[in-house]
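A closer look at the structure
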Amino acid sequence: MSYTPIPKKKIVPVDASSDTTVPAGSAETITIQPPQGKLWRIAGLYVNAPSPQGASTGSHKLLFIRSLPQWNYLIFSANYNAGIYKRNVCQGTMDLGDTTERASEKMFFEHSYFSDSVKLAIRYENSTDADQTNPRVIGLLVEEEDEAP
Amino acid sequence: MKSGIYFRGKFIEFDPIQLEKGEKCYVLYEPYELEEPSQPDVFIAEKTKEVPHGSGAVIHYHLHKPAPPKLRKILKSVKKEVKAPTNVKGLRNIIKHIQE
């Protein structure tokens with residue numbers, strides 16, 4: 001009689017916030033490298049990136065990319081005078097009225113596994129005309145399980 | 001996308017997370033990775049922080065600034081490439097490892 005072990009999972013909160021100044025036209029990349037032998041998946045997300053102070057044109061974006069190759073990604077963007085604010089609880093967006101966007105977000109989260117070899121990169125792009133001096137709050141709730149050998 | 005440094009006529013490729021704090025490397029994007037052709041495709045990435053997480057994870061922070069156009073041309077024309085092992089940390093060690 002064969003026995004298939006039930007994968008053991010746990011929930012891990014991760015704070016990937018940053019208060020580094022991002023000059024106009026530049027970007028900051030926050031790469032999350034899970035422990036070796038572990039598989040992580042985003043189960044919940046909170047982001048709050050205020051608009052750059054003094055900006056008068058352009059936009060800013062927050063991209064979630066699984067590194068190399070960059071096939072799977074999610075983009076949150078806003079104009080220069082608006083903040084990026086998202087709350088996702090268990091793959092369901094609470095702030096969007098657009099069901100298409102909500103569906104693509106859900107798809108990203110459902111397949112958002114990343115590991116020590118395929119890391120998650122969170123990229124903040126400041127394409128406005130002012131330096132971003134405001135802190136960007138990025139909180140993740142990840143589901144951790146053991147990676148297959 | 002590839003990242004690394006230009007050293008003695010070769011592009012030494014490695015992951016920016018292998019940098020130590022304050023060190024820099026280049027990041028080059030392929031045209032299909034850009035949202036618009038007018039976007040800069042070569043950046044200078046500087047490691048600003050490395051934060052260990054209680055779970056055993058590590059969070060790496062890098063600032064990316066567009067590289068000057070002259071530098072972009074030089075980097076895109078380099079043909080010789082060598083990959084550094086992923087377990088080597090710091091520019092000095094990466095170069096030392098490649099030279100051995």
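Coordinates for the structure precede this section.
This is a predicted model, so every value here is computed, not measured.

1. Thoughts on the side chain of A:R123
Structurally, A:R123 can be placed in strand β8 (residues 120-128). Polar side-chain contacts of A:R123 include one of 3.4 Å to the side chain of A:T29. Beyond its immediate stretch of four places on either side in the chain, A:R123 contacts A:A27, A:E28, A:T29, A:K61, A:L62, A:L63, A:I65, B:Y29, B:F43 and B:H64.

2. Quick look at the sheet that holds strand β5 (residues 58-66) of chain B
Note on sheets: strands pair through backbone hydrogen bonds, and any given pair is parallel or antiparallel. If you walk across this open sheet you meet the 10 strands as β5(A)-β4(A)-β8(A)-β2(A)-β5(B)-β4(B)-β3(B)-β1(B)-β2(B)-β6(B), and the pairing is mixed. In this open sheet, the two strands that pair with only one neighbour each are β5 (73-79) of chain A together with β6 (81-83) of chain B. Sheet twist, expressed as the mean angle between neighbouring strand axes with direction ignored, is 30°. In this sheet, β5(B) lies alongside strand β4 (residues 42-52) of chain B in antiparallel orientation, the contact comprising 9 bridges. Counterpart to B:E46 in the pairing with β5(B) is B:L63. The sheet contacts of helix α1 (residues 69-77) of chain B involve β1 (2-7), β2 (10-13), β3 (24-28), β4 and β5 of chain B, and relative to β3(B) the element is tilted by about 75°. Contacting β1, β2, β3 and β6 of chain B, helix α2 (residues 91-99) of chain B runs over the sheet at an angle of about 70° to β1(B).

3. Section: α2(B)
Residues and elements named next belong to chain B. Taken together, the buried positions of α2 are L91, I94 and I95. End-on, the buried residues of α2 take up no more than an arc of 95°, which puts them together on one face. For α2, the elements touching its buried residues are β1, β2 and β3.

Rules behind the numbers
Residues numbered from 1 in each chain as written. Chains lettered and ligands numbered in written order. Predicted model: local features only at pLDDT ≥ 70, side-chain atom pairs only at ≥ 80, totals over all residues. Heavy atoms only, no water. Helix = DSSP H or I, 4+ residues; strand = E, 2+ residues; numbered from the N terminus. Polar contact = N/O pair within 3.5 Å; in protein donor to acceptor, adjacent residues only side chain to side chain. Contact = heavy atoms within 4.5 Å. Pairing = 2+ DSSP bridges. Axes fitted to C-alpha atoms, helices over the stretch in contact; angles between N-to-C directions. Buried < 20%, exposed > 50% of the residue type's maximum accessible area, 1.4 Å probe, protein only. Arc of directions from axis to C-beta.

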